[in-house]
2 protein chains.
Amino acid sequence: MSTTAKVWMDGLWMDSHGCETFSAFDPSSGTAIGDRFPVSDWIDCERALAAADAVFQIMCDVPRDRISRFLESYAAAIEHDSVGLAELAHQETGLPITPRLKDVELPRTVSQLRQAAAACREGSWALPTIDSKAGIRSVHAAIGPVLVIGPNNFPFAFNGISGGDFAAAIAAGNPVIAKGHPSHPGTTLRLAGLASKCLSESGLPSALVQLIYRMPGDIGLQMIGDHRLASVGFTGSKSAGLKIKQVCDQHGKPAYLEMSSINPVLILPAALNQRAAELAQEFSGSCLMGAGQFCTNPGLIILVGEANSLEFLSAVKEKFIAAPTGTLLSRQVLDSVLEGIAKVHAAGAELLTGGRAATDNGRMAIENSLLHVSGQKFLENPTAFQTEMFGPVSLIVTAKDVEQARAILQRLEGNLTGCIYSSADGSDEAAYARLAPVLRQRVGRLLNDKMPTGVAVSAAMNHGGPFPATGHPGFTAVGIPASLRRFSALHCYDNVRPERLPLILQDANPSQAWRLVDGQWTQ
Amino acid sequence: MSTTAKVWMDGLWMDSHGCETFSAFDPSSGTAIGDRFPVSDWIDCERALAAADAVFQIMCDVPRDRISRFLESYAAAIEHDSVGLAELAHQETGLPITPRLKDVELPRTVSQLRQAAAACREGSWALPTIDSKAGIRSVHAAIGPVLVIGPNNFPFAFNGISGGDFAAAIAAGNPVIAKGHPSHPGTTLRLAGLASKCLSESGLPSALVQLIYRMPGDIGLQMIGDHRLASVGFTGSKSAGLKIKQVCDQHGKPAYLEMSSINPVLILPAALNQRAAELAQEFSGSCLMGAGQFCTNPGLIILVGEANSLEFLSAVKEKFIAAPTGTLLSRQVLDSVLEGIAKVHAAGAELLTGGRAATDNGRMAIENSLLHVSGQKFLENPTAFQTEMFGPVSLIVTAKDVEQARAILQRLEGNLTGCIYSSADGSDEAAYARLAPVLRQRVGRLLNDKMPTGVAVSAAMNHGGPFPATGHPGFTAVGIPASLRRFSALHCYDNVRPERLPLILQDANPSQAWRLVDGQWTQ
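Scoring rules and cut-offs
- Residues numbered from 1 in each chain as written.
- Chains lettered and ligands numbered in written order.
- Predicted model: local features only at pLDDT ≥ 70, side-chain atom pairs only at ≥ 80, totals over all residues.
- Pairing = 2+ DSSP bridges.
- Helix = DSSP H or I, 4+ residues; strand = E, 2+ residues; numbered from the N terminus.
- Axes fitted to C-alpha atoms, helices over the stretch in contact; angles between N-to-C directions.
- Least-squares fit on C-alpha atoms with pLDDT ≥ 70 in both.
- Contact = placed C-beta atoms within 7 Å.
- Nonpolar A, V, L, I, M, F, W, Y, C, P; charged D, E, K, R; others polar.
- pLDDT = per-residue confidence, 0-100.
- Expected span 1.5 Å × (residues − 1).
- Buried ≥ 20, exposed ≤ 12 C-beta atoms within 10 Å, placed from the backbone.
- Right-handed = clockwise from strand over helix to strand, strands pointing away.
- Domains from an automatic or database assignment.
- Arc of directions from axis to C-beta.
- Parallel < 35°, antiparallel > 145°, perpendicular 65-115°, else oblique.
- Left-handed = near helix turned anticlockwise from the far one by under 90°.

Asks: So what exactly am I meant to see when it comes to the sheet that holds strand S20 (residues 515-517) of chain A here?
Replies: Strands in a sheet are paired, the pairing made by backbone hydrogen bonds, and the direction either parallel or antiparallel. A sheet is described by the order of its strands in space; here twelve strands give the open sequence S21(A)-S20(A)-S5(A)-S6(A)-S19(A)-S18(B)-S17(B)-S12(B)-S13(B)-S16(B)-S15(B)-S14(B), paired in mixed fashion. Of all the strands in the sheet, just strand S21 (520-522) of chain A together with strand S14 (350-353) of chain B have a single pairing partner and so form its edges. Within the sheet, the average angular offset between the axes of one strand and its neighbour, ignoring direction, is 25 degrees.

And the structure:
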């Protein structure tokens, strides 16, 4: 008999009040996995909100170092459990243990938690600013309870209980209510078990972190609208993201949403002429990696000029056919990518290869799929041709010249990334100068001669971009310290007595945080 | 015969396409002032949007120094015309020339423009960040055309064509479409004339700044929803601000709105006991200054504990009666403050003094007005008692003890400021510790022993706060460099060739901007 997992609330592992349950699903066999997980109802959510609110009221008295030590011990616990975690996540997501889950994603997750811990302890993230003459000081400070909603495609690095948003929200001093993704609840539970153990040893309030696996959509939106919740970190679909945004907007609370992106890649004429085969190889590898299930998957390739485009197209097609079909994360992903392809196809794109489900023995998969459309046709219906096809799928647009490519760029919606491949010998410079500024305005990260799939955890990273890629073009979801500032409010102190100031704004600066003191950054 | 002023669009002074006109109004006599000003229609707005969009497409090629020189020459032109500007603004607003318009507000405006020029030239505002190992660099950059909508109460320092939002948006590299407030169109026109002359000498695109005096509400919202407009800076009423916010939210564009604030002031028991008369003096001066028409006017006083509250109340009442009634900015302000008072009175507050219009010879004025309510009564209807009464009006709440004051604070909406007055001898410390954290979460700027009316232009200032004081708690409308970051998007460059990077991210750092290079702030 299967058992039903407990939710983690108000410092306790308890039975959910909700009556419904669901189970995890192995996408490589199409079968349910034994244990049951609860679908939380409003009573659960209400309990979590009350506990998070109570914790927030005392967080200003909690030493930052205690938060850092919790994040560090949690990171160590994840590292210690890496084999078991990777096996379980593999079972629930179909993502490979090696080289993905154990060798790349788990170390990245651990590193993010450690970087967040260091940023929390040191404090520079908060841009402490002192005007000693005017007696005015300000700093970014915790905003309040944050609901972190993780996506399906990164069971560790973006998980609501362990990922980048989690690390950022906690390190900024906020209570977190984590909502794992229903496609990997066991992994989420296992991570939460580690978090719970580390939290109980940390001396921090026991409801600083809470866990819900799933709730009905309307209950989720009710929770998001509740006055006790200050902000939301979300990674997922555009349709869900827009619903969350609407509720947050109505209540005047900032939401940080990573919603959709097709990540245009431009290949300029001379580059295409000089290295079509090499570019086909590079693009195919990036597009098919992880069965294409990355936010920064290159989903739209724009070939500038028609010379050599046939060579590129046929080389890519060959590789797409030859490459094995990766396992998709879930049936929902399969259904959604098929729907996307059908929409782009119906708009008039030619299907060069793929386009059908490739399920075998219950395994969730789709043929590696390539579509093609002319620049002129793209311009007739730019919205339809920007439909996200989340999976090992890309649309190639052949623009007849630089000006047509520019017209296409001008019709692009906001994206996380945009890439431009150009010749090393300078012969693409005029085209670059004409196109790059237009692309620049529509993306968060502009790349040269590099595919967008990798998202380094760097202070200079922007994993963000204009709407509808995200909800605000000024913030990044990846990269420390900037990602912490999302979950903050700006707190100014005017003529406040020195001993009443938060430590980071007092004259002594024991953590040696970088502070902007009378116009100079100093430690 | 009166003439109709021209709008400034696409580099030209031209007749508005709109048919309607309006005139300025002298609130000290209640009479219209001669000239007519056009109400722009959609044709005007469309023209302005097209021109701003065209300018934005070339702004990345414009040297920053040229923008700085424009802002500086404009500042000098305003300074040079200070007598004429102050006289005209006085006529249109009723605000005194001395000590307000000429001696305080105009120099502040000039200083803001100069500080913005310096920030633009130097570049640190954009938080340039370099990860030399990963080859990733990022910087905040211009977001696109910004509509700046100025309020009624600062004809210079917050004017759409010369104020803080204008300076910030231009210094961040954005085209600005300025909308002056219809209650001082002549002042706005005179400022725009100076801006126009300086702009034409600057070598900048001639449509970098454009001017509209007024448009119907629906046309304004259509403009805000247009894809060519990137952001809005607004200072004004909550009702107008919420409409703007809704349109911006729908289109996923960031809006920076300063909407309403009643600026709670707490007076703790020992302070009230020790210096009731002095505090009554300080509060009355702050509340009645400029006829109370400040965003940071202290509109809600919470006396903690009942001892000495009567002494304070009667001292304040006496001062309110004795002080002259200031001239209000317009009939709209008079109507709105009377409506606010009626609402708070109807909810059960006692009117201690004032409450009626004090128009004489057509002058717009209201009696200095004081209302009172018990803490218990406040808690029965906290929403009604937080109605903004924009003018020389305040509501005093007598809380019976610290816990009741805390309960009141917990029901407060977001505000720009919150003040706590406490004894210098330490006897209020326990009350401070109990109350300050609750107030802290609800305000942008926390003050000690100081009224909120002054808003220093300081790098450490936060003229912002939680909703509904503004639309986002992480940003300030006053203070350079932070106010510039509102009108920016985060631009990341990954593996981009060195010569293609924006100057501020290239290895050489000629402007000596502060940059975060591999974790260290350096020039």
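Asks: Would you mind going over the relation of the copies chain A and chain B with me for this structure?
Replies: To go from the first copy of the chain to the second, apply a rotation about an axis and then a shift along the same axis. The operation relating chain A to chain B is a screw motion whose rotation component is 180 degrees, with 0.0 Å of axial translation and a residual RMSD of 0.0 Å. Accordingly, the operation relating the two chain copies is best matched by a two-fold axis. Most of the interface of chain A is mirrored in chain B, where 100% of its interface residues again form contacts.

Asks: What is the right way to look at the interface of chain A and chain B in this model?
Replies: Interface extent is often summarised as the accessible area lost during association of the parts. Between chain A and chain B, the residue contacts involve 54 residues of the former and 54 residues of the latter. Elements that contribute at least two residues to the side of chain A that touches chain B include exactly strand S5 (129-131), strand S6 (136-142), helix H15 (429-440), strand S18 (443-448) and strand S19 (488-494) of chain A. When residues in the side of chain A that touches chain B are grouped by element, the largest group, seven residues, is from S19 of chain A. Among the residues forming the side of chain A that touches chain B, the class breakdown is 26 nonpolar, 17 polar and eleven charged. Relative to strand S19 (residues 488-494) of chain B, S18 of chain A is paired through three bridges, and the arrangement is parallel. Paired with Leu447 of chain A across the two strands is Asp494 of chain B, which belongs to S19 of chain B.

Asks: I tried to follow the confidence of the model for chain A on my own but got confused; where do I start?
Replies: Caution applies to low-pLDDT parts of the model: their predicted coordinates are not meant to be read in detail. Of all residues in chain A, 100% attain a pLDDT of 70 or more, and the chain-wide mean is 97. Quick note on the complex model: pTM equals 0.97, ipTM equals 0.97.

Asks: What exactly am I supposed to notice about H15 of chain A here?
Replies: Residue pairs three or four apart in sequence face the same way in an α-helix, which turns once every 3.6 residues. Its twelve residues give H15 of chain A an end-to-end C-alpha distance of 16 Å, which sits within 8% of 16 Å, the value for a rise of 1.5 Å per residue. The inward-facing, buried residues of H15 of chain A abut strand S12 (264-267), helix H9 (269-288), strand S13 (300-304), helix H14 (402-410), strand S17 (415-421) and S18 of chain A.

Asks: Mind showing me how you'd approach the sheet that holds S12 of chain A here?
Replies: Taken together, twelve strands build an open sheet; the order of strands is S14(A)-S15(A)-S16(A)-S13(A)-S12(A)-S17(A)-S18(A)-S19(B)-S6(B)-S5(B)-S20(B)-S21(B) and the sheet is mixed. Looking along the sheet, the strands with just one partner apiece sit at the ends: strand S14 (350-353) of chain A together with strand S21 (520-522) of chain B. Each adjacent strand pair in this sheet contributes to an overall mean axis angle of 25 degrees, direction not counted. Relative to S21 of chain B, strand S20 (residues 515-517) of chain B is paired through three bridges, and the arrangement is antiparallel. Among the inter-strand pairings, Leu516 of chain B is bridged to a residue of S21 of chain B, identified as Trp521 of chain B.

Asks: Explanation requested: the pairing of strand S18 (residues 443-448) of chain B in the structure shown.
Replies: Each regular strand shows side chains that alternate between the opposite faces of the sheet. Burial runs high along S18 of chain B: five of the six residues are buried. Of the crossover connections in this fold, the one passing from strand S17 (residues 415-421) of chain B over helix H15 (residues 429-440) of chain B to the parallel S18 of chain B is right-handed.

Asks: What exactly am I supposed to notice about the domain arrangement of chain A here?
Replies: Residues and elements named next belong to chain A. Assigned domains of chain A: these are domain 1 (42-123 + 133-259 + 473-485) and domain 2 (264-448). A C-alpha centroid distance of 32 Å is found between domain 1 and domain 2. In this assembly, eight residues from domain 1 lie in contact with ten residues from domain 2. Residues belonging to the side of domain 1 that touches domain 2 are distributed by class as follows: one nonpolar, five polar and two charged.

Asks: What am I meant to see in the pairing of strand S3 (residues 21-26) of chain B here?
Replies: All names here are of chain B. Of the pairings in the sheet, the one linking S3 to strand S4 (residues 31-38) comprises five bridges and is antiparallel in character. Bridging across to S4, Asp26 finds its partner in Thr31. Taking the residues between adjacent antiparallel strands as the criterion, S3 and S4 are bridged by four residues, where Gly30 takes a positive phi near 70 degrees.

Asks: I'm lost on the environment of Ile143 of chain A in this one. Help?
Replies: Looking at the secondary structure, you find Ile143 of chain A in the loop between S6 and strand S7 (146-149). Sequence separation of Ile143 of chain A and Ala50 of chain A is 93 residues, and the distance between their C-alpha atoms is 16 Å. In this view, Ile143 of chain A contacts Asn174, Ala230, Ser231, Phe487, Ser488 and Ala489 of chain A together with Pro473 of chain B; residues no more than four positions away in its chain are not counted.

Asks: Even after reading the chapter, I still don't get the environment of Val344 of chain B, so can you show me in this structure?
Replies: Residue and element names in this part refer to chain B. Relative to the assigned elements, Val344 resides in helix H11 (residues 331-346). Taking the number of C-beta atoms within 10 Å as the measure of exposure, Val344 has 25 and is therefore buried. Separated by 105 residues in the primary sequence, Val344 and Ser239 have C-alpha atoms spaced 18 Å apart. Setting aside its immediate chain neighbours within four residues, Val344 contacts Ala349, Leu371, Ala384, Phe385, Thr387, Met389 and Leu395.

Asks: Explanation requested: H14 of chain A in the structure shown.
Replies: Residues and elements named next belong to chain A. Regarding H14, the residues found buried are Gln404, Ala405, Ile408 and Leu409. Looking down the long axis of H14, one finds its buried residues gathered within 145 degrees of arc, a one-sided arrangement. Check the buried side of H14 and you find it contacts S12, S13, helix H12 (375-380), strand S16 (393-399) and H15.

Asks: Would you explain the packing of helix H9 (residues 269-288) of chain B against helix H10 (residues 309-322) of chain B in this entry?
Replies: The geometry of a pair of packed helices is captured by two quantities: the angle between their axes and the separation between those axes. Residue and element names in this part refer to chain B. At a minimum axis distance of 9 Å, the contact between H9 and H10 shows a crossing angle of 20 degrees. Here H9 lies roughly parallel to H10, going by the angle between them. Both H9 and H10 take part in a crossing whose hand is right-handed. Here H9 contributes Leu272, Ala276, Ala277, Leu279, Ala280, Gln281, Phe283 and Ser284 to the contact with H10, which in turn contributes Ser309, Glu311, Phe312, Ala315, Val316, Lys319 and Phe320. Here the residues of the contact of H9 with H10 are counted per class, giving ten nonpolar, three polar and two charged.

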